[in-house]
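As a plain string of letters, each chain reads:
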Amino acid sequence: MTNNANARPRRQLTLQKKQNLTGWIFLLPATILIIWMSFYPMVRAFIVSLQRGKPTALQFSEPLWRNYERMLQDKVFVQSLVNTFTYLIIQVPIMLVLALIFASLLNMKDLKFKGVFRTCIFLPCATALVSYSIIFRTMFSYDGMVNAVLVSMHILKEPINWLNDPIGAKAVIIIALIWRWTGYNMVFYLSSMQSIDYSIYEAARIDGAGAWTQLTKITMPLLKPIILVTAIMSTNGTLQLYDESVNLTNGGPANMSITMSHYIYNTTFVTSPNFGYAAAMSFVILLFVAVLSGIQMKVGDKR
Amino acid sequence: MSGAFRKNMKWALIYLFLIIASLISVFPLYWAFVSAFNNTQQILGGSMIPHGDLLTNIHNLMDQAAVLTAFKNSTVNTLLVLVLSLTVCSIAGYGFEIYHDKWKDRVMGILMLSMMVPFVAILVPMFQMFSGMGLMNKAMGFVLPSISTPFLIMLFRSNARAFPKEIIEAARIDGLNEVQIFVRMFIPTMRPTYAAAATITFMNTWNAYLWPRVIMKSNEAITMPMLVSNLMGGYVIDYGVVMAGVTICTLPTVIIFFFLQKSFTEAIAGSVK
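Residues numbered from 1 in each chain as written. Chains lettered and ligands numbered in written order. Predicted model: local features only at pLDDT ≥ 70, side-chain atom pairs only at ≥ 80, totals over all residues.

Peer 1: Could you clarify how one ought to interpret the overall build of chain B in this entry?
Peer 2: Of the regular secondary structure elements, chain B holds 15 helices and 0 strands. For a compact globule of 273 residues, the expected C-alpha radius of gyration is about 19 Å, and chain B comes in at 24 Å, more than 25% above that figure. With respect to the principal axes defined by its C-alpha atoms, chain B has extents near 75 × 70 × 35 Å. The buried share of chain B, taken over its 273 residues, is 45%. For chain B, the share of sequence-separated contacts (at least 6 apart) that also reach a separation of at least 24 residues comes to 78%. (Helix = DSSP H or I, 4+ residues; strand = E, 2+ residues; numbered from the N terminus. Rg over C-alpha atoms; globule rule 2.2 N^0.38 Å. Buried ≥ 20, exposed ≤ 12 C-beta atoms within 10 Å, placed from the backbone. Contact = placed C-beta atoms within 7 Å.)

Peer 1: Help me out: how do you make sense of the nonpolar core in this one?
Peer 2: Looking at soluble globular proteins, one finds that nonpolar side chains tend to be buried together. Core analysis: the biggest nonpolar cluster contains 142 residues, and Val172(A), Met186(A), Ala92(B) and Ile153(B) have the highest contact counts within it. Looking at this core element by element, the count peaks at 11 residues for helix H7 (residues 166-193) of chain A. Aside from chain neighbours lying at most four places away, what touches Ile153(B) is Ala30(A), Cys89(B), Ala92(B), Gly93(B), Phe96(B) and Leu111(B). (Core = buried A, V, L, I, M, F, W, Y, C linked by C-beta atoms within 7 Å.)

Peer 1: Whenever I open this one, the interface of chain A and chain B confuses me. Can you help?
Peer 2: One frequent convention defines the size of an interface as the accessible area lost when the parts assemble. Every contact between the two is made by 70 residues of chain A and, on the other side, 64 residues of chain B. Broken down by element, the residue count for the side of chain A that touches chain B peaks at 19 residues, all from helix H1 (residues 2-48) of chain A. Considering only residue class, the side of chain A that touches chain B consists of 48 nonpolar, 19 polar and 3 charged. (Nonpolar A, V, L, I, M, F, W, Y, C, P; charged D, E, K, R; others polar.)

Peer 1: I keep staring at the domain arrangement of chain A and nothing clicks. Help me out?
Peer 2: In terms of domain boundaries, chain A breaks down into domain 1 (2-48) and domain 2 (74-302). In this structure, domain 1 of chain A and domain 2 of chain A have C-alpha centres spaced 40 Å apart. (Domains from an automatic or database assignment.)

Peer 1: Just checking my understanding: could you explain unusual backbone geometry for this structure?
Peer 2: Note on backbone geometry: most residues besides glycine have negative phi, and most peptide bonds are trans. Residues and elements named next belong to chain A. Omega for the bond connecting Gly252 with Pro253 falls within 30 degrees of zero, at -5°, which places this linkage in the cis form. By the element assignment, Pro253 lies in the loop between helix H10 (243-249) and helix H11 (260-269). Even without glycine at this site, Phe113 takes up a positive phi of about 60°. Owing to 14 C-beta atoms within 10 Å, Phe113 belongs among the partly exposed residues under this scheme.

Peer 1: Mind showing me how you'd approach the packing of helix H5 (residues 129-139) of chain A against helix H13 (residues 224-231) of chain B here?
Peer 2: When two helices pack together, their arrangement is given by the angle between the helix axes and the distance between those axes. Where H5(A) meets H13(B), the axes come as close as 9 Å, and the angle between the chain directions of the two elements is 20°. One element, H5(A), and the other, H13(B), form an angle in the roughly parallel class. The handedness of the crossing between H5(A) and H13(B) comes out as left-handed. Seen from H5(A), the contacting residues are Val130(A), Ser131(A) and Ile134(A); seen from H13(B), they are Pro225(B), Val228(B) and Ser229(B). When grouped by side-chain class, the residues that make up the contact of H5(A) with H13(B) number 4 nonpolar, 2 polar and no charged. (Axes fitted to C-alpha atoms, helices over the stretch in contact; angles between N-to-C directions. Parallel < 35°, antiparallel > 145°, perpendicular 65-115°, else oblique. Left-handed = near helix turned anticlockwise from the far one by under 90°.)

Peer 1: Would you explain helix H10 (residues 178-189) of chain B in this entry?
Peer 2: In an α-helix, one full turn covers 3.6 residues, which means residues spaced three or four apart are oriented alike. Residue and element names in this part refer to chain B. Its 12 residues place the ends of H10 16 Å apart at the C-alpha level, agreeing with the 16 Å of an ideal helix rising 1.5 Å per residue. Listing the buried residues of H10 in full gives Glu178, Ile181, Phe182 and Phe186. Down the axis, H10 shows its buried residues gathered within 95° of arc, on one side only. Set apart from the buried face of H10 by more than 90 degrees, the exposed residues are Val183, Arg184 and Pro188. (Expected span 1.5 Å × (residues − 1). Arc of directions from axis to C-beta.)

Peer 1: Would you take a moment to explain the confidence of the model for chain B for this structure?
Peer 2: In regions of low pLDDT, the predicted coordinates are not meant to be interpreted in detail. Residue and element names in this part refer to chain B. Per-chain confidence: chain B averages 90 in pLDDT, with 98% of residues scoring 70 or above. For chain B, per-element mean pLDDT is lowest for helix H15 (residues 261-270), which scores 77, and highest for helix H4 (residues 67-98), which scores 95. At the level of chain-chain contacts, confidence expressed as ipTM amounts to 0.90, with global pTM at 0.89. (pLDDT = per-residue confidence, 0-100.)

Peer 1: Can you help me understand the environment of Ile121(A) in this one?
Peer 2: With respect to the helices and strands, Ile121(A) occurs in helix H4 (residues 114-122). By C-beta crowding, Ile121(A) is classed as buried, having 27 other C-beta atoms within 10 Å. Between the C-alpha atom of Ile121(A) and that of Ala99(A), which follows or precedes it by 22 residues, the distance is 9.6 Å. With residues up to four places along the chain from it excluded, the contact list for Ile121(A) reads Phe102(A), Thr182(A), Gly183(A), Met186(A), Ala21(B), Ser22(B) and Ser25(B).

Peer 1: How do you make sense of the packing of helix H8 (residues 150-160) of chain B against helix H11 (residues 191-207) of chain B when you look at a structure like this?
Peer 2: All names here are of chain B. Running from amino to carboxyl end, H8 crosses H11 at an angle of 165°, the nearest separation of the two axes being 10 Å. By the angle between their axes, H8 is roughly antiparallel relative to H11. Between H8 and H11 the crossing geometry is right-handed. Listed contacts from H11 to Leu152, Leu155, Phe156 and Asn159 of H8 are Thr193, Ala196, Ala197 and Thr201. The class makeup of the residues in the contact of H8 with H11 is 5 nonpolar, 3 polar and no charged.

Peer 1: Quick question: what am I supposed to make of the confidence of the model for chain A here?
Peer 2: All names here are of chain A. Put simply, chain A has an average pLDDT of 88, and 95% of its residues get 70 or more. For chain A, per-element mean pLDDT is lowest for H1, which scores 81, and highest for helix H3 (residues 75-106), which scores 95. Note that residues 1-7 has pLDDT below 50 and, in this model, 0 contacts with residues that lie over four places away or in other chains.

Here you go:
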């Protein structure tokens, strides 16, 4: 009898231990892969960023931070930094506001053909980044469709050389980005709005609140967490822009639209590869992502 | 102005705005598909209706580029990522949620940090590692970095929260072991989550460009987005051929989009619940 009473709790404990162990085994493959494919290369990237020389004969540089010093004097790097931040500052706010407007319109109770509108606005997300870059490049080429249409409609007197103009090239990239990602962000907002109780809006309307007041005083405060998430994701994505810079403008004219990732790729693999310098520049992107996400989280918390 | 008139005006403006937005959203894709039927002159001139050059364009495309190889590679790579990624991430998401304790939550928090690591930031060491392991131009080389993603782990974890604990208890009493519970109970009930995860993984993998460009250097290993990108490299660009390539590259994801739009939206919105 006594034996039996002692045995039971012990057996339960081992059972719980066994389940706990099973849990660890279940998450082991995913954890190992992320450490191996993400954290470990990050440490290595930092070490490489302190080295110089040919890819096959890397040596620690003297002084160690030499690659970091070089960045400040590198005109192309500074230009790529300016370009990337231009995209970030202009494109992200326009896109998020547009997404918010579309989402609030599509969330209206009496709107008809909701599904059709949503599908259309969401459709650009199904396009590969390379594909849409090439489509936009073709549409905006000098002898291309956009110029042909604008000239024949007498909006333009003569065709604009969009992709060969420093401002035009950036503008086309920004237009393309807004086209590709607005619907994506709209989906986040729409799904959060559906969880807001509709009676709040009805009460507000009875109190005389217009559409704008409803958007800024009800929807946006309630959506704050998700707006924060989309802002961080878009910032992160814009800092890593690559496919568009390569396929839409090829960084041109004269590096006026090149992004940081594009320049890092070129430094790593094109002409004379310089792994150390490329790794140092990529660490700067990592830093920007971390700092900007941190700031956005802080600002989001306060409001 | 009467109230009814103003209300009608308001609705008219809303519909007009949404119709214009929808047209702008659909137009570039529509135009690319139409252009696959046209020759360079018609494309640059902005023709919005299909003509009869589709077969010529596809024929020329086959002559210029290894479309069949690229399509096969993209398909194989994508299927491999789908199977491995869904398996690894769903087991992990399930493990984090069902057996969760303080330490596992901490591990999860650390793994989430990897979402902050931009892929370019690890480009150089990844290239060194993979060429060192002899994985250049190998499907496994393409697949390995995409298997375990914090995004999918989070998706499965947040959906596992809704999985009733009583089922697990009942299954344990019936003598099923933990792996059997996962395979026989969890997977069948979580079918919508798997569909959502599969949709978003398919889109991301099929469209990947930077990593394959780093690691798939040989002509035999080329993927669809790389092939399309290369079409723009020549001195004289045949836009009919380019648009045929764009169409072949985009069609799979667009078809999936139309059939699985609900899963796609759930995947995007579901991970941040």
